[in-house]
Amino acid sequence: MARVLIVDGDRSARVRNAEMLRAQGHEVSVATGIAEALERSEHDAFELVLLGGHGEGLGAASEPERVQALRAALPAATLVLTGNGGSLDAPLDALREREPLVATVDEALASAGGRAPRAHEDEDTGSAFAPIIGSSPAIRELLRLVAKVADTDSTVLVTGETGTGKELIGRAIHQASRRRGRVFCAVNSAAFPESLLESELFGHRRGSFTGASAHKKGLFEHADHGTVFLDEVAEMPLSMQAKLLRFLQTGEVRAVGSEAPRYVDVRLVTATNKDLEREVLAGRFREDLYYRLAVIPIVVPPLRERPEDVPLLAHHFLRRFARKTGKVVDALEPAALELLQGYSWPGNVRQLENTIESGVALCQGSRLSVADLPARLRERPVHAVPDTLQSLETLERTHILRTLERVGWNRKRAAEILEISTTTLWRRLKEFGIEAHGASVGRL
Ligand SMILES: Nc1ncnc2c1ncn2[C@@H]1O[C@H](COP(=O)(O)OP(=O)(O)OP(=O)(O)O)[C@@H](O)[C@H]1O
Ligand SMILES: [Mg+2]
C-alpha cells in the first residue's frame, strides 16, 4: 500500500477521496493547499500526490506553478491531477474526477513502480529521502532527467562541485525507480585504502587476508536489486577501476579470496567533483570505465549559477532547523535574503544549509536577520568583475588573480584550471607585475 498525499482546496473532495483510499489500505495525508503540501512533503516520502483542481485557496497562482512546486518537493512521487487537468505522468492520461479513483491510484502506482510499492519496506541506509528543492531552469531540467532515467538501469555519472547535491540526486534516482524500497547504499571510494575498498564492495572470505576473521558480504551483494552510489569515483586506484569495470561488464561479484563468482543486479550511480574526462586524458582514469560510467551524465551546476534557488533553499532549511530546534523562527528579513542571494557560495548548498543552521541557532527573534549571518557573507569579493567596460588585458589579469586566490596561490593548480602551462602563467604574472601572493591586490 502506498503513502498518498491529497491536495485539494475543496473539503468534501478531500474527505471523500481520503476515505476511499484509506478503505483500500493506503496511508493518506491531506493538505488544503500547496504550502501545507510542501510542509508535509518534508516529513514524508509520498509515492503518489493527487492534486485537485479546486484552485481557489490552493496557494500558488496557476496550475502549472502548483504542479511545479510539488514536482520540486517530491521528485520521486507520481503526480495525478484529479481535477480539471489531465495527467502529467505519461501513462496516466485523461484522468477525471469522476473516474473511479481507486483504480486510478492502483494504475498510477503500477505504472510508477512496476508494482505497488510497499510502505515500510524501505531499507534505505543513511538519511531518509529528502526532496530536491529549486525552481531554476537548471534544477527543473535536472528533475526531468532524474524522472526520465530512473527506470532504466543505465549507470549515471553525477558531476558537480562539492555540496551541490550529487548524493541527493543519487537518492532521488533510486526513489523514482522500480528499485525504491530496496537497498540504497552510498559509499565513498576515497574513504578506503585500496585493499579495503575491494573487500567493501565485493566482500571477502574468511582468512583471505590478515584480519579477515569472518566471511563478509560486499556492498554490491548487499544492495542486490537496489542502487549503489559510489562517491568520489575519480579517486579510485587504477587496479580497482579494472575490477569495477569487470563487474559492470558481467554483473559478477568475486569476493576477495573466493573463486566462485556471484551475480547481482545493482544499479550504479557514481559521482565526482573532478573533471573525469581530464582525468582520462591525464592517464589517471580508465577511458573504457569512463564511458561505462557516463552512460547518462548529469551535471549539477554550482549554486552561484542559479541564484533564484537560494530563497527557496533558505526557507526550506529555515523551516527544517526551526522545527529541529523548536524555535519559532519563521521568516528571513529582506536584507538577510539579499545577502544570501548576493554571496558566491563556494561550498554550495551544503554551505547554505550550515549557514541557516547557525543562523537559526543565533537568532533571538522570529525573523532571521543580517546579524545572525556570518560576517564573511558581508565582505565584498575583492575582485568582483566591475560593471564597466574594460580591456582584455585587465580582464585577463583579474581572472588570473581571482583564480590564484581561489586555489590558495597554488600556481600549478591555477595553471591547470586556466589551461595554460605554468611557464605561461609565470610569464603573465611577470608581465602584469604580480610578484608574490597578494602583492598586487591593492592595485586592481
Ligand atoms: N536542491 C537541493 N535541495 C535540498 N537540499 C539540497 C539540495 N542540494 C543539496 N542539498 C543538501 O545539501 C547537502 C549537500 O548535498 P550532497 O551531500 O548531496 O552534496 P554532494 O554534491 O554529494 O557533495 P560532496 O561533493 O561534498 O560529496 C545535503 O544536506 C543535501 O541534502
Ligand atoms: Mg557527496
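Our structure's up above, just so we're on the same page.
My aim in this report is to walk through the structure given alongside it, one point at a time. (Residues numbered from 1 in each chain as written. Chains lettered and ligands numbered in written order. Predicted model: local features only at pLDDT ≥ 70, side-chain atom pairs only at ≥ 80, totals over all residues. Heavy atoms only, no water.)

1. Overview of the site of ligand 1
Okay, so step 1: Lining the immediate environment of ligand 1, one finds 18 residues, of which Ile133, Thr162, Gly163, Lys166 and Glu353 sit closest.
Okay, so step 2: In the environment of ligand 1, an oxygen atom lies 3.1 Å from a nitrogen or oxygen atom belonging to the backbone of Leu168.
Okay, so step 3: One of the side-chain N or O atoms of Glu353 is found 2.6 Å from an oxygen atom in ligand 1.
Okay, so step 4: Contact with the protein chains hides 86% of the accessible area of ligand 1, taken as 630 Å² for the molecule alone.
Okay, so step 5: Looking at the shell around ligand 1, the elements that each hand over two or more residues are helix H6 (166-176), helix H12 (309-325) and helix H14 (348-362).
Okay, so step 6: The residue inventory of the shell around ligand 1, partitioned by class, reads 7 nonpolar, 5 polar and 6 charged.
Okay, so step 7: A domain-level breakdown of the shell around ligand 1 finds at least three residues from each of domain 2 (137-299) and domain 3 (304-378). (Near = heavy atom within 4 Å. Polar contact = N/O pair within 3.5 Å; in protein donor to acceptor, adjacent residues only side chain to side chain. Areas by Shrake-Rupley, 256 points an atom, 1.4 Å probe, with all protein chains shown as cover. Helix = DSSP H or I, 4+ residues; strand = E, 2+ residues; numbered from the N terminus. Nonpolar A, V, L, I, M, F, W, Y, C, P; charged D, E, K, R; others polar. Domains from an automatic or database assignment.)

2. Points about the sheet that holds strand E1 (residues 3-7)
Okay, so step 1: If you trace the 4 strands from one edge of the open sheet to the other, you get E2-E1-E3-E4, paired in parallel fashion. Edge strands, defined here as strands with exactly one partner in the open sheet, are strand E2 (27-31) and strand E4 (78-81). With direction set aside, neighbouring strand axes in the sheet form an average angle of 20°.
Okay, so step 2: As judged from the 4 bridges shared by E1 and strand E3 (residues 48-51), these two strands associate in the parallel manner. Residue pairing in the sheet places Val7 in a bridge with Leu51 of E3.
Okay, so step 3: Sitting on the sheet, helix H2 (residues 34-41) is in contact with E1, E2 and E3, with an inclination near 140° to E2. (Pairing = 2+ DSSP bridges. Axes fitted to C-alpha atoms, helices over the stretch in contact; angles between N-to-C directions. Contact = heavy atoms within 4.5 Å.)

3. Brief notes about the pattern of salt bridges
Should their charged atoms come close, side chains of opposite charge can pair.
Okay, so step 1: What the rule picks out here adds up to 28 salt bridges.
Okay, so step 2: Asp153 is paired through a salt bridge with Arg178; the nearest N and O atoms lie 2.6 Å apart. One end of the pair, Asp153, is in the loop between helix H5 (137-150) and strand E5 (156-159); the other, Arg178, is in the loop between H6 and strand E6 (184-188), with 25 residues separating them in the sequence.
Okay, so step 3: Residue class for Arg178 comes out partly exposed when judged on its relative accessible area of 36%.
Okay, so step 4: One salt bridge connects Glu279 with Arg284, and the closest N-O pair in it is separated by 2.8 Å. (Salt bridge = Lys/Arg side-chain N within 4 Å of Asp/Glu carboxyl O. Buried < 20%, exposed > 50% of the residue type's maximum accessible area, 1.4 Å probe, protein only.)

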